[in-house]
There are 2 protein chains.
Amino acid sequence: MEEGNGVGGGDAGQVLAISIATSVKDDAEAAAATPRGRWRVALPPPRSSWAKLKARTMETFFPDDPFRRLHGRRPLISKCFLAAQLIFPVLEWAPAYSLPLLKADLISGLTIASLAIPQGISYAALANLPPILGLYSSFVPPLVYAVLGSSRDLAVGPVSIASLIMGSMLRQAVNPSTNPALFLRLAFTSTFFAGLVQASLGILRLGFFIDLLSKATLVGFMAGAAIIVSLQQLKGFLGIAHFTNQMAIVPVMNSVFHETSEWSWPTIVMGVCFLTMLLLARHIGTRRPKLFWVSAGSPLASVILSTILVFLFKAQNHGISIIGELKRGLNTPSWDKLLFHGSYLGTTVKTGFVTGIMSLAEGVAVGRTFAALKGYKVDGNKEMMAVGIMNIVGSCTSCYITTGAFSRSAVNHNAGCKTAMSNIVMAVTVMVTLLFLMPLFIYTPNVVLAAIIITAVIGLIDITAVYHIWKMDKMDFLVCICAFSGVIFISVQEGLAIAVGVSVLRILLQIIRPKIGIQGNLPGTDIFRNLHHYKEATRIPGFLILSIEGPINFANATYLNERITRWIEEESEEQISLQFVLLDLSSVGNIDTSGVSFLMDLKKSTEKQDLQLVLINPVGEVMEKLQRANDLHSLFGAECFYLTTEEAVISLSSLSKRNHNNAQNEQIV
Amino acid sequence: MEEGNGVGGGDAGQVLAISIATSVKDDAEAAAATPRGRWRVALPPPRSSWAKLKARTMETFFPDDPFRRLHGRRPLISKCFLAAQLIFPVLEWAPAYSLPLLKADLISGLTIASLAIPQGISYAALANLPPILGLYSSFVPPLVYAVLGSSRDLAVGPVSIASLIMGSMLRQAVNPSTNPALFLRLAFTSTFFAGLVQASLGILRLGFFIDLLSKATLVGFMAGAAIIVSLQQLKGFLGIAHFTNQMAIVPVMNSVFHETSEWSWPTIVMGVCFLTMLLLARHIGTRRPKLFWVSAGSPLASVILSTILVFLFKAQNHGISIIGELKRGLNTPSWDKLLFHGSYLGTTVKTGFVTGIMSLAEGVAVGRTFAALKGYKVDGNKEMMAVGIMNIVGSCTSCYITTGAFSRSAVNHNAGCKTAMSNIVMAVTVMVTLLFLMPLFIYTPNVVLAAIIITAVIGLIDITAVYHIWKMDKMDFLVCICAFSGVIFISVQEGLAIAVGVSVLRILLQIIRPKIGIQGNLPGTDIFRNLHHYKEATRIPGFLILSIEGPINFANATYLNERITRWIEEESEEQISLQFVLLDLSSVGNIDTSGVSFLMDLKKSTEKQDLQLVLINPVGEVMEKLQRANDLHSLFGAECFYLTTEEAVISLSSLSKRNHNNAQNEQIV
């Protein structure tokens, strides 16, 4: 053991253990046993404010250091190619693309196309838009994503939640049945803004915004949205013509049971049959992943079967409503339909923001989930740019909001897709449908579309996750319930806002009331741990050792001051010998001016009570700021800082004993 | 040293220091030196969810344990008296009140009355209210506060900031010159709501809300408000009759320089003289605390002197505007003037909320400041109730918003006040003025009132504090600047909202991007510290030791995952021998479901890379939740937890060396 090292290891540790446990060490020995260690609390190496700002900015906005790959020594051409790969991930896989990969992507692409076509039509209806928009939106955006996106499993297209939100928010401004042309223009404009928001978040590297949607929030929100979406399907399912425009559970149930005269029994019978079939297929698909094609193919099979049935029995004359004529042909340009002025600008910006954030959260979460399964990485900010550009392009080519859909991506993954080529295959299939197969959908009954949507969204209700959250964390469960009931009783946007608000409030509350623990010594060691956690830990007479967990700032400085003062008071009442208050700052990562003032106030007030306040292991920034405050007020001398609790305890107790002896000696003299 | 204790102290520490520094220990010895310590990471003692909820609620809402004094064994009568003292702090000092105390309070009470009368009249004008309201508000509220308040130094009455805010917010709804009666009703109603908000915060023990106004916010806000208030005084100072209704700096300067024809030179000359005199007196008062009476008495002296001058020279006929007739008599009841319905309810609630919070923050801060100087305690929540009830009573007796004023409390303190009796003395003095002396104010020129306000608010611009904040913390400085420029360029409320928003965002950003540090060993010890803080700390080959500072939750789980994964990747590229990733969780006070998922994901991904993930010292709640997650997934075995970094390093390196030797032996065999 090196000399001059009195901390923790070797002799000192032994002395500590014994001196604390038995308190029979004599003065001289204790003093000898605590040479000032050669390690003291140091100031972190000086850095300019500029260097600190740069480091903090890098860490905040570029934690993944995206240009890392470009740093090494390489020829310019290779660097350019790497840079191009950063922007167009297609360049990562396209050069090495091979026939076996194509085969896999072909199968998975066709599979998701069979799912995307009926779902596309259904989701467009959910957003109060013409059904054909669902197909348009399954054609252009997947092509854009295949070039820009970094996920290999994401199946891109319209999704239920974003469709629902867009439909319900725009419906508050314009009635889609009386003014469909304006409604369509607002939908394109909202999609444009959604894309803009998404791309901006990516470019400004503000991706952490979507992290504010915690898993608990999403689970509750999804479940609520699934119920709202399913309830909306009662319109098509029961064949009701006059249905409420509202989304919340109460008006919808009112509407359903006030219009019983409109219920169409042939529609209901057909709906129940197909719903049963679809749910059964879904059950098989989830139970046996190998039979994924059963559930993946069932929507298209239902559409074909029901269309044939309607056509054969002329069921449209018996009260079963059908889709009707759909225009043949590819997407038409729609940039001239974007509305950037007038009284609807506020509505479209707001709708774009909410749908943009929600669809981004869904897309990124889905991408990350499957990337983790396959062991590759999805860059959140890059992904946001890809989804954003895809939606901006989409808004100019008659598409509405799209993102990566969970159910289709899962099918894509199970079908064995290898690259984003499966999206291209899907897009080509949709193109063929748009060009040649549209007349086949004339007789497709709306009730089957309703059944397809219900089957799709039921998977969003994740009871296991709710149970897991309940088990793990009651506060998270509360957040989940807030999101759920907010969505079903108030509205989709407000439910989301409430849940995010509660989650953020919870974090703030943790800051406002940081944990403070009394530390004790684990007998026979030099380790100090929380007394409430380790029941065997013992207090050291004369010492009050507190550890603060979390940053010290304006929001908690007053609380900390009052709480610690109360502790010291209670302590002084109990043990008269209290001499030292040790504040373990190891866990305090940040401090602000109010925090520093609190420490200085505490120092002053302890001094008034003849107590010595000692700070243990202040880290980087905290030590720096204390030093700066000291330059102004010089309250904390070097004797107030210790690197470890054990060092402080040994050194201070020997000091106090010596003082005590000196006092006794003086009395004797 | 006890046996079985291998951690940190004694042999193990020595072994660690040597084995790490030199790496020449042989296998057998190292293995022998690391017996499993008898201290392992333990689960905290089990507590029911109810007990946890109760403890958390107590800590959140009753950190000061207000009923502590009632716990002991005492006769019922004594308990009742103590309980009454909790509600009426007057019972704490009144029973022991004595003649010397009265003498001190009489002097200080008269001094603050001499300040309160001219300031009261001026501040009421600032709020666009009849001047007499300032006197009414200096009569009833101080009496209420004397009974309920726990501060001994607070001088209660109207204050500049709250007057300014109330005036400017109500003026947006009603013009005070064209409809003074309605304006008055709105002012009383807003005061009522302000009192309600204040009392509710106290009763619901939500006092921590006002902690969100950090010192940096307040310094910037006060300075901005002082400038806004001073600019408003240009109306009286220059004698302009047609003045803008807006508060921000640009319209006011426009107004001043567009109406130069209205400038009244006699008014300006008189104003400059009295302002110079008042500033001089203030300067003397701040330089020599003993001469506090010079600055305390100067406003009243100015009022008397200027009134005599105007009266003698009939100056009102030469363009100097005067207060005019004031009604003699005490406060009239005003509960019938409260407006709880109609279109102004929103305005009054909002005004009440903002002025309530602001005046509460001022009152509580002032109370705490002087309590700390004298070494007694002010209970924040009780203080809020006192201020709230005082304003509710005030709103029913023709008073507008009042709180503890900084300047008058400072004078009160310097004049040697002992108890809240000084407030009673002040109230009685104001009462005498109201009853008999009102005719004397007829000829008081408005310009002197403007000069008094300017002198009072100039003290709110605290350059030293701004410099201090700049030195300590650049982010706090930014908050301060935001508040300042928001107030002077946009509006008082919005400036405040922006500053609070920026402060809260800053806290959230600290959570979203928690600090992660690489730890190294301080040579010759068993201490591990951040490599960037302690340059001498050395890495241990084969180990990556990371410490996370701050809670792990939904807002940072993704970031932590990406950042740590990137670190592991970079590390594996640099040193091929990387075997162990140690995550020091000592500083992680809270974790939620997303946080637990992150740890489990990290465990899985490290396993895929043949790395061992070890968690160091998870504290209370974190360990509990990990245990619960383990019950569901059993990912973390007992071998994944260590109580200290040194123990983990010793134990794991001996383990790996043994495995290595075994592998070699096998190869030889």
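Just so it is clear, the structure is predicted and the values come from calculations on it, not from any experiment.

Caption draft 1: Representation of the overall build of chain A within the structure. Along chain A, the regular secondary structure elements total 27 helices and eight strands. What you see for chain A is a C-alpha radius of gyration of 33 Å, clearly larger than the 26 Å of a compact globule of 669 residues, by over 25%. Expressed along its principal axes, the backbone C-alpha trace of chain A runs to roughly 120 × 70 × 55 Å. Within chain A, the proportion of its 669 residues that are buried is 52%. In chain A, 81% of the contacts between residues at least 6 apart in sequence involve partners at least 24 apart.

Caption draft 2: Highlighting the relation of the copies chain B and chain A. Expressed as a screw operation, the relation of chain B to chain A combines 0.0 Å of axial shift with a rotation of 180°, fitting to an RMSD of 0.1 Å. What the rotation and shift describe, once combined, is the action of a two-fold rotation axis. Most of the interface of chain B is mirrored in chain A: 100% of its interface residues are interface residues there too.

Caption draft 3: Layout of the environment of G367 of chain B. Residue and element names in this part refer to chain B. Residue placement: G367 occurs in helix α15 (residues 345-374). A C-alpha to C-alpha distance of 9.4 Å links G367 and A405, two positions 38 residues apart in sequence. Beyond its immediate stretch of four places on either side in the chain, G367 contacts S151, L154, V378, E383 and G404.

Caption draft 4: Seen up close, the UniProt feature "transmembrane region" (unreviewed entry) in chain A. The UniProt entry lists residues 182-206, 212-231, 263-280, 292-313, 384-403, 424-442, 448-470 and 477-509 of chain A under the feature "transmembrane region" (unreviewed entry), expressed in the numbering used here. Between the C-alpha atoms that bound residues 448-470 of chain A there is a distance of 36 Å. The span itself is 83% helix and 0% strand.

Caption draft 5: Molecular detail of the interface of chain B and chain A. Contact with chain B, which involves 85 residues of that partner, is made by 85 residues of chain A. Counting residues per element, the side of chain B that touches chain A draws most heavily on helix α22 (residues 492-512) of chain B, at eight residues. Per-class residue counts for the side of chain B that touches chain A are 34 nonpolar, 29 polar and 22 charged.

Caption draft 6: Looking closely at the environment of K657 of chain B. Tracing the backbone through its elements, the reader meets K657 of chain B in helix α26 (residues 645-668). Sequence spacing of K657 of chain B and A42 of chain B is 615 residues, and the spatial spacing of their C-alpha atoms is 27 Å.

Caption draft 7: Structural context of the domain arrangement of chain A. Partitioning chain A into domains gives domain 1 (98-507) and domain 2 (514-668). For domain 1 of chain A and domain 2 of chain A, the distance between their C-alpha centres works out to 57 Å.

Caption draft 8: Examining the nonpolar core more closely. With 364 residues, the main nonpolar core has A187, A225 and L582 of chain A together with A187, A225 and L582 of chain B as its most contacted residues. Apart from the residues within four sequence positions on either side, L582 of chain A is in contact with F543, L544, I545, L546, V614, I616, T645 and A648 of chain A.

Caption draft 9: Spotlight on the packing of helix α11 (residues 215-238) of chain B against helix α19 (residues 446-458) of chain B. All names here are of chain B. The N-to-C vectors of α11 and α19 enclose an angle of 165°; their axes lie 9 Å apart at closest approach. Here α11 lies roughly antiparallel to α19, going by the angle between them. Classified by chirality, the crossing of α19 by α11 is left-handed. Here A226, V229, S230, Q233, G236 and F237 of α11 come into contact with α19, specifically with N446, V447, L449, A450, I453, I454, V457 and I458. Considered class by class, the residues forming the contact of α11 with α19 number 10 nonpolar, four polar and no charged.

Caption draft 10: Unusual backbone geometry, seen in detail. Residue and element names in this part refer to chain B. Backbone geometry at D610 places phi at a positive 60°, although glycine is not the residue there. Along the chain, D610 turns up in the loop between α24 (593-608) and β7 (612-616). D610 sits in the exposed class, given 9 other C-beta atoms within 10 Å. Positive phi outside glycine occurs at N617, with the angle close to 50°. When you line up the elements, N617 lands in the loop between β7 and α25 (620-633).

Caption draft 11: Inspection of the pairing of strand β5 (residues 543-549) of chain B at higher detail. Residue and element names in this part refer to chain B. Among the seven residues in β5, seven count as buried, and that is most of the element. Of the two faces of β5, the one lined by F543, I545, S547 and E549 and the one lined by L544, L546 and I548 are each fully buried. Where strand β3 (residues 515-521) and β5 come together, four bridges link them in antiparallel fashion. In the sheet register, K515 faces β5, and the bridge partner there is E549. Bridge count for β5 against strand β6 (residues 580-584) is five bridges, and the pairing is parallel.

Caption draft 12: Structural detail: the sheet that holds strand β6 (residues 580-584) of chain A. With mixed pairing, the six strands of this open sheet are ordered in space as β4-β3-β5-β6-β7-β8 (chain A). Each of the sheet's edge strands pairs with one partner strand only, and the pair in question is β4 (528-530) and β8 (641-642) of chain A.

Caption draft 13: Expanded view of helix α22 (residues 474-490) of chain A. Spanning 17 residues, α22 of chain A covers 23 Å between terminal C-alpha atoms, matching the ideal 24 Å at 1.5 Å per step. Within α22 of chain A, the full set of buried residues consists of M475, D476, F477, V479, C480, C482, A483, F484, G486, V487 and I488 of chain A. Elements that come into contact with the buried residues of α22 of chain A comprise α12 (215-238), α13 (249-258), α21 (463-472) and α23 (492-512) of chain A together with α24 of chain B.

Caption draft 14: The arrangement of the pairing of β3 of chain B in detail. Counting buried positions along β3 of chain B yields five of seven residues, so the element is predominantly enclosed. Counted along the chain from β3 of chain B to the antiparallel partner strand β4 (residues 528-530) of chain B, the turn is six residues long, and its residue G524 of chain B has a positive phi close to 85°.

Caption draft 15: Representation of the sheet that holds strand β8 (residues 641-642) of chain B in the model. All names here are of chain B. Strands sit in the order β4-β3-β5-β6-β7-β8 across an open sheet of six strands; the sheet is mixed. Edge positions in the sheet fall to β4 and β8, since each of these pairs with one other strand and no more. Here β3 runs beside β4; their pairing, made up of three bridges, is antiparallel. Within the sheet, the bridge partner assigned to G520 lies in β4 and is R529.

Caption draft 16: Spotlight on the confidence of the model for chain A. Residues and elements named next belong to chain A. Averaged over all residues, the pLDDT of chain A equals 83, while 93% of them reach at least 70. Here residues 1-36 is modelled with pLDDT under 50, and outside its nearest four sequence neighbours on either side it reaches 85 contacts, counting other chains as well. Across the interfaces of the predicted complex, the ipTM metric reaches 0.82, alongside a pTM of 0.80.

Caption draft 17: The arrangement of helix α9 (residues 160-171) of chain B in detail. All names here are of chain B. Over its 12 residues, α9 extends 16 Å from the first C-alpha to the last, a length consistent with the 16 Å expected when each residue adds 1.5 Å. With respect to burial, α9 is a largely interior element, 11 of its 12 residues being buried. Within α9, burial applies to S160, I161, A162, S163, L164, I165, M166, G167, S168, M169 and L170.

What counts and what doesn't
Residues numbered from 1 in each chain as written. Chains lettered and ligands numbered in written order. Predicted model: local features only at pLDDT ≥ 70, side-chain atom pairs only at ≥ 80, totals over all residues. Helix = DSSP H or I, 4+ residues; strand = E, 2+ residues; numbered from the N terminus. Rg over C-alpha atoms; globule rule 2.2 N^0.38 Å. Buried ≥ 20, exposed ≤ 12 C-beta atoms within 10 Å, placed from the backbone. Contact = placed C-beta atoms within 7 Å. Least-squares fit on C-alpha atoms with pLDDT ≥ 70 in both. UniProt positions renumbered as here; feature names shortened; annotations may be inferred. Nonpolar A, V, L, I, M, F, W, Y, C, P; charged D, E, K, R; others polar. Domains from an automatic or database assignment. Core = buried A, V, L, I, M, F, W, Y, C linked by C-beta atoms within 7 Å. Axes fitted to C-alpha atoms, helices over the stretch in contact; angles between N-to-C directions. Parallel < 35°, antiparallel > 145°, perpendicular 65-115°, else oblique. Left-handed = near helix turned anticlockwise from the far one by under 90°. Pairing = 2+ DSSP bridges. Expected span 1.5 Å × (residues − 1). pLDDT = per-residue confidence, 0-100.

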